[in-house]
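Examining the three-dimensional arrangement
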Amino acid sequence: MERLAVYPGSFDPITNGHLDIIKRGLRSFDRLIILVAYNPNKSGLFSVNERMEMIRQVVGDDPRIRVDSFSGLLVNYVRDAGAQVILRGLRALSDFEYEFQMALINRRLNRDIETVFLMTGYKWFYTSSNLIKEAAGHGGSVRGLVPEIVLQKLQAKYSTLSGKG
Ligand code: PNS
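Residues numbered from 1 in each chain as written. Predicted model: local features only at pLDDT ≥ 70, side-chain atom pairs only at ≥ 80, totals over all residues. Heavy atoms only, no water.

In terms of residue burial, strand β4 (residues 85-90) counts as a mostly covered element, since 6 of its 6 residues are buried. Here β4 shows two buried faces, one formed by Val85, Leu87 and Gly89 and the other by Ile86, Arg88 and Leu90. As judged from the 2 bridges shared by strand β1 (residues 4-9) and β4, these two strands associate in the parallel manner. The partner of Ala5 across the bridge, within β4, is Val85. Here β4 runs beside strand β5 (residues 114-119); their pairing, made up of 6 bridges, is parallel. Paired with Leu87 across the strands is Val116, a residue of β5. (Buried < 20%, exposed > 50% of the residue type's maximum accessible area, 1.4 Å probe, protein only. Helix = DSSP H or I, 4+ residues; strand = E, 2+ residues; numbered from the N terminus. Pairing = 2+ DSSP bridges.)

Turning next to the sheet that holds β5. Strand order in the open sheet formed by 5 strands is β3-β2-β1-β4-β5, and the pairing between neighbours is parallel. This sheet does not close on itself; its edge strands, each paired only once, are β3 (65-70) and β5. Direction aside, neighbouring strands of the sheet carry axes that sit 30° apart on average. Along the sheet face, helix α4 (residues 96-109) touches β4 and β5 and points at about 175° away from the line of β4. (Axes fitted to C-alpha atoms, helices over the stretch in contact; angles between N-to-C directions. Contact = heavy atoms within 4.5 Å.)

Turning next to unusual backbone geometry. Backbone torsion omega between Asp12 and Pro13 reads 5°, so that peptide bond is classified as cis. Mapping Pro13 onto the fold places it in the loop between β1 and α1 (16-28). Positive phi, close to 50°, is recorded for Phe11, a residue that is not glycine. Assignment of secondary structure puts Phe11 in the loop between β1 and α1. Given the relative accessible area of 1%, Phe11 is considered buried.

Applying the stated rule across the entire model yields 4 aromatic pairs. Taking 5.1 Å as the distance between ring centres and 55° as the angle between the ring planes, the aromatic pair formed by Phe70 and Tyr77 counts as tilted. A relative accessible area of 9% means that Tyr77 is categorised as buried. With 5.8 Å between their ring centres and 75° between their planes, Phe125 and Tyr126 make a pair best called edge-to-face. Residue Phe125 is classed as partly exposed on the basis of its relative accessible area of 21%. Using a relative accessible area of 64% as the deciding quantity, one classes Tyr126 as exposed. (Phe/Tyr/Trp six-rings, centres within 6.5 Å; stacked < 30°, edge-to-face > 60°.)

With that out of the way, let us pick up the site of the ligand. Pro8, Gly9, Ser10, Ala37, Gly72, Leu73, Leu74, Arg88, Tyr98, Met102, Ile105 and Asn106 make up every residue found near the ligand. Taking Leu74, its main chain carries an N or O atom lying 2.8 Å from an oxygen atom of the ligand. Here the ligand has 550 Å² of accessible area as a free molecule, and 68% of this is covered by the chains. Only β1 and α4 provide two or more residues apiece to the shell around the ligand. For the shell around the ligand, the leading source of residues is α4, giving 4 residues. A class-by-class count of the residues in the shell around the ligand yields 7 nonpolar, 4 polar and 1 charged. (Near = heavy atom within 4 Å. Polar contact = N/O pair within 3.5 Å; in protein donor to acceptor, adjacent residues only side chain to side chain. Areas by Shrake-Rupley, 256 points an atom, 1.4 Å probe, with all protein chains shown as cover. Nonpolar A, V, L, I, M, F, W, Y, C, P; charged D, E, K, R; others polar.)

In structure tokens form, the structure reads like this:
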């Protein structure tokens, strides 16, 4: 049986930490759906289409990966996609409680779906999209924490937002 996992997240924007999980995930699963799960009432820095486009550019033309977006209940998407697993990355201890809560509510909502955690590479242990946005928004360099294309998009976004673009 094909092992299909859904890797959901906000991906606002995709970081090297996410990419690390994608690479590791492909060692355990035949196919991955990278799912930009968004809340229509919450706006991010990048639009959902921009986030998906960046992910597509970064992962390239890999037939094992599909990029999609969704704004409902995650377990319903996973069920409808015919997947059995939600893949999440775990970083520092601070992630644990939130991830544990989310895995438990998802299990309660659908007992046929398992959440599988992969530990992020140590280099990305303390980085997150939010911290990266904060640093970049204040003009700090986030080179090395995000793929080059994302770096350019962040710079362009913040120079537009501050009226310099
Ligand atoms: O990258 P993030 O922000 O940590 O991802 C969180 C995300 C989008 C995976 C999570 O909020 C989610 O699954 N949202 C969809 C709604 C849902 O099913 N929530 C969990 C059960 S209430």
